Amino acid sequence: MTGREKLRSELLSIIATHKEGFKSGTPESARIDALIDELTPLTVYTKPLDHPETFRGHWGGDYFNLGKLVCGASAQNQGVGVTTSLKTFSMGRLPDIPATFLGSGLEIDPGTGAYNFFSHFALGEKQVPAYHFSLASYERREENLARFLVEFEGFKIVPVDHNMSMASFAAAIGIGDVALLSAEMSPRPKLWSDIAYMDDDLRIQLGQLGGHYILFRTDRPMYSIEYWKNKPPSSSNAAVG
């Protein structure tokens, strides 16, 4: 086993049981941070943006240290299980209702330039399972081919239960107006996100405002793009469709 493989194996072993983010201050969270630094110079792809066939699609997260951008200061440096407000997780654009963070992924479509965060939440007093889409697009710059330049366009929340109408979903999470389930950004924030490490199955993504995301390749669909495919049109779905 090479040095890179040993570090990778140790990282996977720790994040299998430790999800709480760097704010926990545990020896395990400190070691995760150190392992990210040690793996970075050993990346398999030194110019990862030249390899869209590798980074495209749905990459599911397994460890998160939430950054200040989408997650807000009250959730910064936290991980799975942190509960705050949906407003906090959407740059102040979505309603102020309880939101428990359960996990996240990153969905990139090089063909369209889509760069969308796909997150899983339990929302409202009833903790209704929901998907939270942070919709964005990216561009590349030749001077740094490990960096996505990301422009955030807006947010949408939808029920995990694909058969649930948007009106029923809004009522279940305590929101009276379906139109409040989505928001557009104006002006659109522009920030960067770096691929610190990437091999064929594992990617470590570092955001400009402190987010650390350890992601794994999956064969799942890009939910933020495909959620509405084959969903019957109705007035209750139109607001987010």
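Located above this text is the structure these notes cover.
Let us look at the structure shown here. Quantities reported herein were computed from a predicted structural model and do not represent experimental measurements.

1. Topic: the packing of aromatic side chains
Consideration 1: What the rule picks out here adds up to 22 aromatic pairs.
Consideration 2: A ring pair is formed by Phe 55 and Phe 148, whose centres lie 5.2 Å apart and whose planes are at 90 degrees; its orientation type is edge-to-face. With Phe 55 in helix 3 (residues 52–55) and Phe 148 in strand 6 (residues 144–159), this pair connects stretches of sequence that are 93 residues apart. The same class applies to Phe 55 as to Phe 148, namely buried.

2. Quick look at the layout of surface pockets
Consideration 1: Taken as a whole, the largest pocket holds about 150 Å³ of empty space.
Consideration 2: Lining the largest pocket are 10 residues, with Leu 135, Glu 153, Lys 156, Ala 183 and Glu 184 sitting closest to its centre.
Consideration 3: The dominant element in the lining of the largest pocket, judged by the number of residues it contributes, is strand 6, at four residues.
Consideration 4: Looking at the lining of the largest pocket residue by residue, the classes come out as four nonpolar, two polar and four charged.

3. Section: the packing of helix 1 (residues 3–15) against helix 2 (residues 27–39)
Consideration 1: It is the contact of helix 1 with helix 2, at a shortest axis distance of 10 Å, that shows an interaxial angle of 150 degrees. Taken together, the axes of helix 1 and helix 2 are roughly antiparallel relative to one another. You can see that helix 1 and helix 2 cross each other, and the crossing is left-handed. Facing helix 1, whose interface residues are Arg 4, Leu 7, Arg 8, Glu 10, Leu 11, Ile 14 and Ile 15, helix 2 presents Glu 28, Arg 31, Ile 32, Leu 35, Glu 38 and Leu 39.
Consideration 2: Of the residues that constitute the contact of helix 1 with helix 2, the class distribution is seven nonpolar, no polar and six charged.

4. Brief notes about the side chain of Arg 203
Consideration 1: Mapping Arg 203 onto the fold places it in strand 9 (residues 202–207).
Consideration 2: Of the side chains bearing the opposite charge, Asp 199 lies closest to the buried Arg 203, which forms no salt bridge; the N-O distance is 9.6 Å.
Consideration 3: A polar contact of 2.8 Å, which involves the side chain of Arg 203, links it to the side chain of Gln 205.
Consideration 4: Ignoring anything within four residues of it in the chain, the contact list for Arg 203 reads Phe 55, Trp 59, Leu 106, Ile 108, Ile 195, Tyr 197, Met 198, Tyr 213, Ile 214 and Leu 215.

5. A few points about the nonpolar core
Consideration 1: Counting residues in each nonpolar core, the largest one holds 52 residues, and the members touching the most others are Leu 123, Phe 148, Phe 169, Ile 173 and Leu 181.
Consideration 2: Going through the elements one at a time, strand 1 (57–65), strand 3 (98–109), strand 4 (114–123), strand 5 (128–141), strand 6, helix 5 (166–173), strand 8 (190–198) and strand 10 (212–217) are the ones with two or more residues in this core.
Consideration 3: When residues no more than four places from it in sequence are discounted, the contact partners of Ile 173 are Ile 97, Leu 123, Gly 124, Val 128, Ile 157 and Leu 181.
Consideration 4: With 15 residues, the next largest nonpolar core counts Leu 11, Phe 22, Leu 39 and Ala 196 among its residues.

6. Topic: unusual backbone geometry
Consideration 1: Omega for the bond connecting Ser 186 with Pro 187 falls within 30 degrees of zero, at 0 degrees, which places this linkage in the cis form.
Consideration 2: Note that Pro 187 resides in the loop between strand 7 (182–184) and strand 8.
Consideration 3: Here Met 91, not a glycine, exhibits a phi torsion of approximately 55 degrees, which is positive.
Consideration 4: With respect to the element layout, Met 91 can be found in the loop between strand 2 (83–85) and strand 3.

7. Overview of the pairing of strand 6
Sheet faces and side chains relate simply in a regular strand, where the side chains alternate between the two faces.
Consideration 1: Sheet analysis places strand 5 next to strand 6, joined by 11 bridges and oriented antiparallel. Residue pairing for strand 6: Arg 141 is matched across the bridge by Asn 144.
Consideration 2: If you look at the hairpin formed by strand 5 and strand 6, you'll find two residues sitting between the two strands.
Consideration 3: Taken together, the five bridges between strand 6 and strand 8 define a ladder with antiparallel strand orientation. Each residue of the ladder has a partner; that of Arg 147, found in strand 8, is Asp 194.
Consideration 4: Inspection of the sheet shows strand 6 paired to strand 7 by three bridges, in the antiparallel sense. When the sheet's bridge partners are listed, Phe 155 is paired in strand 7 with Ala 183.

Cut-offs applied
Sequence order as written defines residue numbering, which begins from 1 separately in each chain. Restriction of local features to residues with pLDDT of at least 70 applies here, the model being predicted, together with a cutoff of 80 or more for giving and counting side-chain atom pairs; totals for whole chains, interfaces and linings are based on all residues. No hydrogens and no water enter the side-chain calculation; it runs on all heavy atoms of the structure. When the centres of two rings from Phe, Tyr and Trp lie within 6.5 Å, Trp using its six-membered ring, the rings pair. Their planes under 30 degrees apart give stacked, over 60 give edge-to-face, and anything left gives tilted. Each helix corresponds to a stretch of at least 4 residues labelled H or I by DSSP, and each strand to a stretch of at least 2 residues labelled E; elements are numbered beginning at the N terminus. Here the term buried applies to any residue with accessible area under 20% of the maximum for its type, exposed to any over 50%, and partly exposed to those in between, with areas from a 1.4 Å probe on protein chains only. A cavity here means a set of points on a 1 Å grid, drawn over the protein atoms and nothing else, where a 1.4 Å probe fits but cannot get out; a pocket is an open set with protein on both sides within 12 Å along at least five of seven lines, and a residue lines either one if it has an atom within 4 Å of a point. Grid points are joined across faces, edges and corners, and a volume is the space filled by probe spheres set on the points. As a working rule, the residues Ala, Val, Leu, Ile, Met, Phe, Trp, Tyr, Cys and Pro are called nonpolar, Asp, Glu, Lys and Arg charged, and the rest polar, with Gly in that last group. Angles shown run from 0 to 180 degrees and are taken between the N-to-C directions of axes, each axis being a line fitted to C-alpha atoms and, for helices, limited to the stretch in contact. Here the angle decides the label: under 35 degrees means roughly parallel, over 145 means roughly antiparallel, 65 to 115 means roughly perpendicular, and every other value means oblique. The crossing is said to be left-handed when, going from far helix to near helix, the turn is anticlockwise and less than a right angle, and right-handed when the turn is clockwise. We call two residues in contact whenever any of their non-hydrogen atoms come within 4.5 Å of each other. Counted as positive: Lys and Arg. Counted as negative: Asp and Glu, with His and the chain ends omitted from the count. Definition used for salt bridges: Asp or Glu carboxyl oxygen within 4 Å of a side-chain nitrogen of Lys or Arg. The definition of a polar contact used here is a pair of N or O atoms within 3.5 Å, where within protein one atom must be able to donate a hydrogen and the other to accept one, and adjacent residues in sequence count solely through side-chain atom pairs. Among the buried residues, those of types Ala, Val, Leu, Ile, Met, Phe, Trp, Tyr and Cys that are joined through side-chain atoms within 4.5 Å form a nonpolar core. By this definition, two strands are paired if DSSP reports at least two bridges between them.

In short, shape yes, function no, at least from these values alone.
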